[in-house]
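Here are the chains, one letter per residue:
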Amino acid sequence: KGKNRDDNKVLFSKEQWERFNSEVPKMKLITVSTVVEKLKINAGLCRRALNEMADNGEIRAVCVTRAQRIYTRNIGEDADEE
């Protein structure tokens, strides 16, 4: 019994970075696992990129715990509240 291991990328290529910046802010539910599956990147790289995107205000954190990080897209009403 062999476990199927995917060789996910450890660094963003230019195309992946552009795809990350265009697709992720439009997703309703953003988790590390969904982005890893969609873009075939490493989970550590994904966590860092999502943190940076949340700091820039492009996405909003819903629940950030030790085990799971859940983000959602920013919509107009949320930006007006701040």
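Whatever comes next refers back to the structure up there.
Small disclaimer: the values here were computed from a predicted structure and weren't measured.

How each quantity is defined
Residues numbered from 1 in each chain as written. Predicted model: local features only at pLDDT ≥ 70, side-chain atom pairs only at ≥ 80, totals over all residues. Heavy atoms only, no water. Phe/Tyr/Trp six-rings, centres within 6.5 Å; stacked < 30°, edge-to-face > 60°. Buried < 20%, exposed > 50% of the residue type's maximum accessible area, 1.4 Å probe, protein only. Helix = DSSP H or I, 4+ residues; strand = E, 2+ residues; numbered from the N terminus. Axes fitted to C-alpha atoms, helices over the stretch in contact; angles between N-to-C directions. Parallel < 35°, antiparallel > 145°, perpendicular 65-115°, else oblique. Left-handed = near helix turned anticlockwise from the far one by under 90°. Contact = heavy atoms within 4.5 Å. Nonpolar A, V, L, I, M, F, W, Y, C, P; charged D, E, K, R; others polar. Salt bridge = Lys/Arg side-chain N within 4 Å of Asp/Glu carboxyl O.

Participant: Account for the packing of aromatic side chains, naming residues and giving values.
Facilitator: This model, assessed by the stated rule, comprises three aromatic pairs. Each ring, one from Phe12 and one from Trp17, has its centre 5.0 Å from the other, and the planes form 65°; the classification is edge-to-face. Residue classification places Phe12 among the partly exposed residues on the basis of a relative accessible area of 22%. Its relative accessible area of 35% is what places Trp17 among the partly exposed residues.

Participant: Quick one: what's the story with unusual backbone geometry, residue by residue and with numbers?
Facilitator: One non-glycine residue, Lys40, lies in the positive phi region at around 55°. Relative to the helices and strands, Lys40 resides in the loop between α2 (32-39) and α3 (43-55). You can call Lys40 partly exposed: its relative accessible area is 40%.

Participant: Before we move on, can you summarise the packing of helix α1 (residues 14-23) against α3 with the specific residues and values?
Facilitator: Two numbers describe how α1 lies on α3: the axes approach to 12 Å, and their chain directions differ by 45°. By the angle between their axes, α1 is oblique relative to α3. As α1 runs across α3, the sense of the crossing is right-handed. Residues Trp17, Phe20 and Asn21 of α1 touch α3, and the partners they reach there are Ala49, Leu50, Glu52 and Met53. The residue makeup of the contact of α1 with α3, split by class, is five nonpolar, one polar and one charged.

Participant: An account of the pattern of salt bridges is requested, with residue identities and associated values reported.
Facilitator: In this structure the tally under the stated criterion is three salt bridges. The closest approach of N and O atoms between Glu23 and Arg19, which form a salt bridge, is 3.0 Å. Here Glu23 and its partner Arg19 are both found in helix α1, four residues apart, which amounts to about one turn of the helix. Owing to a relative accessible area of 25%, Glu23 belongs among the partly exposed residues under this scheme. Put simply, Arg19, Glu23 and Lys38 are held in one network by salt bridges that share partners.

Note that every value here comes from positions in space, so none of it alone points to a role or purpose.
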